[in-house]
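Chain and residue survey
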Amino acid sequence: MHTHRTGETVDHEVSTRAAAEAWESLFRTQSNLMRRFESGGDFAPLRSREYDVLFTLSRAREGRLRLRELNEAVFLSQPSLSRMVERLEARGLVAREPAPDDARGTVVVLTEDGREMQREIGRRHVRSIRRHVGGALTEEELATLTDLTTRLRAYRP
């Protein structure tokens, strides 16, 4: 069973091969585009994963997330994320604070310098996204792609 955003429920079967080919295409496309963005200097002076941390914090309420929430949002192991947060803190882009309701927890906060860095890189990166993604697809295709990837993220079998 599958529910489309219209609320219509559809019973369907797909082959393992079709699912694997779609996944492979999605994964390879994402990898290819990330290489283009990185080689074009989109994230300089940061690495793409460092930018992802700043971007994720910029979208969070008040620019702050618990370390474990940040870890759930980015594709890094907890030890790697902790080391990255330390490096970003040393550069003045984030700050760590004790969680107000949990003495063992840590909250990561985007500093003003971090917010400015994220905005500067973000403006450059969105132009690159427009060129590489928007240049290949129509508005309608972009809407379809967004719908499909949203459904994939939300689906819980």
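Scroll up to find the structure.
Structural notes, computed from the coordinates. Values in this document were obtained by computation on a predicted structure and should not be read as measured data.

1. Here's the deal with a nonpolar patch on the surface
Together, Trp-23, Leu-26, Phe-27 and Leu-152 line one region of the surface with nonpolar side chains, adding up to about 410 Å² of accessible area. Looking at the nonpolar patch, the element that brings in the most residues is helix α1 (residues 16-39), giving 3 residues. Residue position: Trp-23 is located in helix α1.

2. As for the pattern of salt bridges
Pairs may arise between side chains of opposite charge once their charged atoms sit close together. A full pass over the atoms with the stated rule returns 10 salt bridges. Salt-bridge contacts for Arg-28 lead to Glu-24; the nearest nitrogen and oxygen are separated by 2.6 Å. Of the two residues, Arg-28 and Glu-24 both sit in helix α1, 4 residues apart, roughly one turn of that helix. Judged by its relative accessible area of 35%, Glu-24 is partly exposed. A salt bridge links Glu-89 to Arg-96; the shortest N-O distance between them is 2.7 Å. You can call Glu-89 partly exposed: its relative accessible area is 27%. The structure contains a network of salt bridges with shared partners spanning Glu-86, Glu-89 and Arg-96.

3. So, the sheet that holds strand β5 (residues 102-110)
Here 3 strands make up an open sheet; going across it, the order is β3-β5-β4 and the pairing antiparallel. Of all strands in the sheet, those bounded by a partner on one side alone are β3 (64-66) and β4 (94-99). When strand polarity is set aside, the average angle formed by the axes of neighbouring strands in this sheet is 30°. Direction of pairing for β4 relative to β5: antiparallel, over a ladder of 6 bridges. Residue pairing for β5: Arg-96 is matched across the bridge by Val-108. Contacting β3, β4 and β5, helix α2 (residues 48-59) runs over the sheet at an angle of about 100° to β5.

Scoring rules and cut-offs
Residues numbered from 1 in each chain as written. Predicted model: local features only at pLDDT ≥ 70, side-chain atom pairs only at ≥ 80, totals over all residues. Heavy atoms only, no water. Patch = residues over 30% accessible without salt bridge, like charges linked within 9 Å, V, L, I, M, F, W, Y side chains within 5 Å. Areas by Shrake-Rupley, 256 points an atom, 1.4 Å probe, with all protein chains shown as cover. Salt bridge = Lys/Arg side-chain N within 4 Å of Asp/Glu carboxyl O. Helix = DSSP H or I, 4+ residues; strand = E, 2+ residues; numbered from the N terminus. Buried < 20%, exposed > 50% of the residue type's maximum accessible area, 1.4 Å probe, protein only. Pairing = 2+ DSSP bridges. Axes fitted to C-alpha atoms, helices over the stretch in contact; angles between N-to-C directions. Contact = heavy atoms within 4.5 Å.

Don't take any of this as a statement about function, it's just geometry.
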